[in-house]
Amino acid sequence: MIEPTPSDPNWPRYSAHPFPRYRFLPGHGPHPRRDPNGHSHGIPEPQAPLLPPEQWKDSDLYLYGIDLYNFCYWWECHEVFESFWKAVGRTTEQGRFFQGLIQVAAAHLKRHLGQTESAWRLAQRGQEKLSTTPQGYMGLDTQNFLGDVRRWSKDLGQRPPLIHLATTSQHQDGPIQSGVRRCTARG
């Protein structure tokens, strides 16, 4: 199976963390943590600190999770966002936000693997969680992102939407470019 690839390899990054050497696709290639050949074998799982939502710009781990998502490292971004989900509390507003991002990322991965029904269900659940968070939550224009996810979940030809955050001082390449860019992935 071919890994998903970003449609724009020059998409601006939010963090300086290097990407893993491959995108894990369950059932294809070594498991990142369990297999000795995995890209994260022997490396501790991410441990996110409590992150007040208004301090999102100061969290390199959060920004790295967004980069992982935007560059189609969906399994890996799930790990990062799950660490925040556990740290902030699963039923909090912020916990629902992270769970929604996890479910949307998992939906992209499922669709890439050809599991369209599972992808659709995960996208629906992710949309439900994200729809309860305020507009502009943790730098994300939630309404625009939700609209992009809705279009993606209804049209098998749509590519996964990217996450656009408000411009941050940590942004390496200047202001975030406007316009929707998507990952090149099957379906």
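Before reading further, recall that the structure is shown in the block above.
These figures come from a predicted structure and were not determined experimentally. (Residues numbered from 1 in each chain as written. Predicted model: local features only at pLDDT ≥ 70, side-chain atom pairs only at ≥ 80, totals over all residues. Heavy atoms only, no water.)

1. Digging into the overall build of the chain
Applicable threshold: Helix and strand assignments come from DSSP, with helices taken as H or I runs of at least 4 residues and strands as E runs of at least 2, each series counted from the N terminus. Summary of the burial criterion: residues with accessible area below 20% of their type's maximum are buried, those above 50% are exposed, and those between are partly exposed, where the area comes from a 1.4 Å probe applied to protein chains only. In this analysis, two residues are considered to be in contact whenever any of their non-hydrogen atoms come within 4.5 Å of each other. All accessible areas in this document rest on Shrake-Rupley with a 1.4 Å probe, and a residue is counted as covered only by the protein chains that are shown.
Across its full length, the chain carries five helices and two strands. Along the chain, helices and strands appear, N-terminal first, in the series β-α-α-α-α-α-β. Out of the 187 residues belonging to the chain, those deemed buried represent 50%. Across the chain, the fraction of contacts at a sequence separation of at least 24, relative to all contacts at a separation of at least 6, is 63%. Carbon and sulfur atoms make up 50% of the accessible area of the chain, which totals about 8,700 Å².

2. Details of the pattern of salt bridges
Operational definition: Note on definitions: salt bridges are taken to be side-chain nitrogens of Lys or Arg within 4 Å of carboxyl oxygens of Asp or Glu.
Taken as a whole and judged by the stated rule, the model has five salt bridges. With its nearest N and O atoms 3.1 Å apart, the salt bridge here joins Glu 3 to Arg 23. A residue pair is termed long-range when its members are at least 10 positions apart, and Glu 3 in the segment before strand S1 (5-6) and Arg 23 in the loop between S1 and helix H1 (60-70) qualify at 20 residues. The exposure class assigned to Glu 3 is partly exposed, which follows from its relative accessible area of 26%.

3. Considerations on the packing of helix H3 (residues 93-112) against helix H5 (residues 142-154)
Geometrically, a packed helix pair is captured by the angle between its two axes and the distance between the axes. Put simply, the rule is: Comment: axis = line fitted to C-alpha atoms, over the contacting stretch for helices; angle = value between 0 and 180 degrees taken between N-to-C directions. Oblique is the label for any angle not under 35 degrees, not over 145, and not in the 65 to 115 range, which are roughly parallel, roughly antiparallel and roughly perpendicular in turn. Left-handed describes a crossing whose near helix is turned anticlockwise from the far helix through less than a right angle; right-handed describes the clockwise counterpart.
At their nearest, the axes of H3 and H5 sit 12 Å apart, and the two run at 25° to each other. Classed by the angle they form, the pair H3 and H5 counts as roughly parallel. The interaxial crossing formed by H3 with H5 has left-handed handedness. For the pair H3 and H5, the contacting residues are Leu 101, Val 104, Ala 107, His 108 and Arg 111 in the first and Phe 145, Val 149, Trp 152 and Ser 153 in the second.

4. Quick look at the environment of Val 80
If you trace the backbone, Val 80 turns up in helix H2 (residues 74-88). Separated by 35 residues in sequence, Val 80 and Glu 45 place their C-alpha atoms 8.3 Å apart. When residues no more than four places from it in sequence are discounted, the contact partners of Val 80 are Pro 46, Leu 61, Tyr 64, Gly 65 and Leu 68.

5. Some details on the packing of aromatic side chains
Rules: When the centres of two rings from Phe, Tyr and Trp lie within 6.5 Å, Trp using its six-membered ring, the rings pair. Their planes under 30 degrees apart give stacked, over 60 give edge-to-face, and anything left gives tilted. Only Lys NZ and Arg CZ are tested; either one counts as a charge over a ring when it is within 6 Å of the ring centre and within 35 degrees of the ring normal.
Throughout the structure, instances matching the rule amount to 12 aromatic pairs. When the centroid spacing of 6.0 Å and the interplanar angle of 85° are considered together, the rings of Tyr 62 and Phe 98 count as edge-to-face. You can see Tyr 62 sitting in helix H1 and its partner Phe 98 sitting in helix H3, a full 36 residues away along the chain. With relative accessibility at 0%, the residue Phe 98 sits in the buried group. Clustering of aromatic rings is evident, with ring pairs tying together Trp 56, Tyr 62, Phe 81, Phe 84, Phe 97, Phe 98 and Tyr 137. The cationic tip of Arg 13 hangs over the ring face of Phe 19; the distance from NZ or CZ to the ring centre is 4.0 Å. Lying over the aromatic face of Trp 85, Arg 90 brings its terminal NZ or CZ to 4.2 Å of the ring centre.

6. Some thoughts on unusual backbone geometry
One non-glycine residue with positive phi stands out, namely Cys 72, at about 65°. In this structure, Met 138 is a non-glycine residue whose phi angle is positive, near 50°. Here Met 138 is to be found in the loop between helix H4 (116-130) and H5. Judged by relative accessible area, which is 2%, Met 138 ranks as buried.

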